[in-house]
Amino acid sequence: MGRPGSRLTGTRRLPETAAVLEIRQAVRAWSAEYAPEGAVAVALSGGADSLALTAAAVLEAASVDALIVDHRLQAGSEKVAAAAAAAALRLGCRSARVLEVDVGTAGGMEAAARHARYAALGSARAGQPVLLGHTLDDQAETVLLGLARGSGGRSIQGMAPYAEPWGRPLLGVRRAMTRQCCADIGLTPYEDPHNFSPDFTRVRLRGEVLPLLEDVLGGGVAPALARTAEQLREDGAVLDALAEELLASARRSGAEAPGADGDTLSIEILATAPAALRRRAIRAWLLAGGAKALTGKHLRAVDALVTAWRGQGGVAVGGGTADTRLVAGREHGRLTMHRR
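Residues numbered from 1 in each chain as written. Predicted model: local features only at pLDDT ≥ 70, side-chain atom pairs only at ≥ 80, totals over all residues. Heavy atoms only, no water.

### A closer look at the nonpolar core
Then, in step 1: In this structure, Ile23, Val64 and Ile185 are the most contacted members of the largest nonpolar core, which totals 38 residues.
Then, in step 2: Contributions of two or more residues to this core are made by α1 (18-34), β1 (39-43), α2 (48-60), β2 (63-70), α3 (77-91) and α6 (175-185).
Then, in step 3: Among the elements that make up this core, the one with the highest residue count is α2 (nine residues).
Then, in step 4: One finds Leu247, Leu265, Leu326 and Ala328 within the second-largest nonpolar core, a separate group that totals 23 residues. (Core = buried A, V, L, I, M, F, W, Y, C linked by side-chain atoms within 4.5 Å. Buried < 20%, exposed > 50% of the residue type's maximum accessible area, 1.4 Å probe, protein only. Helix = DSSP H or I, 4+ residues; strand = E, 2+ residues; numbered from the N terminus.)

### Notes on the packing of α1 against α6
Then, in step 1: Put simply, α1 and α6 touch, their axes get as near as 8 Å, and they point 120 degrees apart. Seen along the crossing, α1 lies across α6 with a hand that is left-handed. Residues Ala18, Ala19, Val20, Glu22 and Ile23 of α1 lie in contact with α6, whose contacting residues are Met177, Thr178, Gln180, Cys181, Asp184 and Ile185. (Axes fitted to C-alpha atoms, helices over the stretch in contact; angles between N-to-C directions. Left-handed = near helix turned anticlockwise from the far one by under 90°. Contact = heavy atoms within 4.5 Å.)

### So, the sheet that holds strand β4 (residues 130-131)
Then, in step 1: Read across the open sheet, the six strands follow the order β3-β2-β1-β4-β6-β5; overall the sheet is mixed. The open sheet terminates on both sides in strands that have one partner only, identified here as β3 (95-100) and β5 (162-163).
Then, in step 2: Pairing geometry for β1 and β4, over two bridges, is parallel. Bridge pairing in β4 places Ala41 opposite Val130.
Then, in step 3: In this fold α3 packs onto β2 and β3, with an angle of close to 175 degrees to the strand it touches most, β2. (Pairing = 2+ DSSP bridges.)

### What about the confidence of the model for the protein?
Detailed reading of the predicted coordinates is not advisable wherever pLDDT is low.
Then, in step 1: On average, the protein scores 91 in pLDDT, and the residues at 70 or more come to 94%.
Then, in step 2: Contacts of residues 3-11 to residues separated by more than four positions or lying in other chains number 15 contacts, the stretch itself having pLDDT below 50. (pLDDT = per-residue confidence, 0-100.)

### Observations regarding unusual backbone geometry
Then, in step 1: In the segment running from Glu164 into Pro165, the intervening peptide bond is cis, with an omega of 5 degrees.
Then, in step 2: Topologically, Pro165 is positioned in the loop between β5 and β6 (166-167).
Then, in step 3: With a phi angle near 55 degrees, Arg72 is a residue other than glycine that sits in the positive phi range.
Then, in step 4: Mapped onto the elements of the fold, Arg72 is located in the loop between β2 and α3.
Then, in step 5: Exposure remark for Arg72: the relative accessible area of 42% places this residue in the partly exposed category.
Then, in step 6: Although it is not a glycine, Ala126 adopts a positive phi angle of roughly 55 degrees.
Then, in step 7: Mapped onto the elements, Ala126 comes out in the loop between α4 (109-124) and β4.

Dropping the structure here:
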């Protein structure tokens, strides 16, 4: 991934071009807020985004360990991974490890590869935050994907700058800047064929939908989507804090009810709360109780036990076993959760 005559010398120097400085400033600001101690790992694929991120992190962090995931989905993937590791060491990383993974089939190849990748990175990070090369363009694509799910504001909040242990310093940087940064440094990024395959929804968003929106709406769509996500995350943080207070109150009242057992919630407390807080509280309660893959349909059905109860039975939510189902129900003025 280097070129003959590359400017990389391992001396932690980079040219002070506009692209390099923008990415360094983004990493510096992220590090000051989320990782002041400075030791980080970087998920390096060899693509432009992660290469630019790694180059900047080496200068802005106390130490950087590069983690390269080899999904082994394409012939020659081991050579791509080895080249990325070599580039990381030339940039000045303290270490570079190649993590070979087995990609399953659950949820399709894209989802299975993502699951395997994050599992490997989580196991290898040695307690450090892991920096990911997601850019503003990735954020815009994520918001559009969330909008299609139609599950409320949470689904279009996009990616957070830090959701332990995952850090995303480049969410305010355009993809074009990471490419320019690599060119300025003297690196040739790896071009993953999967990033151009129309078989993947995100690729079609990137190559077809967003350019069309930019054309129809007169430009600025990607930054606007990213700003929307940021505003929704800020609003969501306030609502989540208020919902935690509501959940605690409903739990206390539910536990005090005659005959209460287990983690139950007071219907009366929930029913008098605003819908936005009530549903967030119910969602947090279900997840704490072991619910998995919770959908908007599940949440609306459980909410109806509080606000539109006509004697309907319990609601099965994902999270059971081969022999049992996790069921939320209404009993004696309380929301209950049982395995049946």
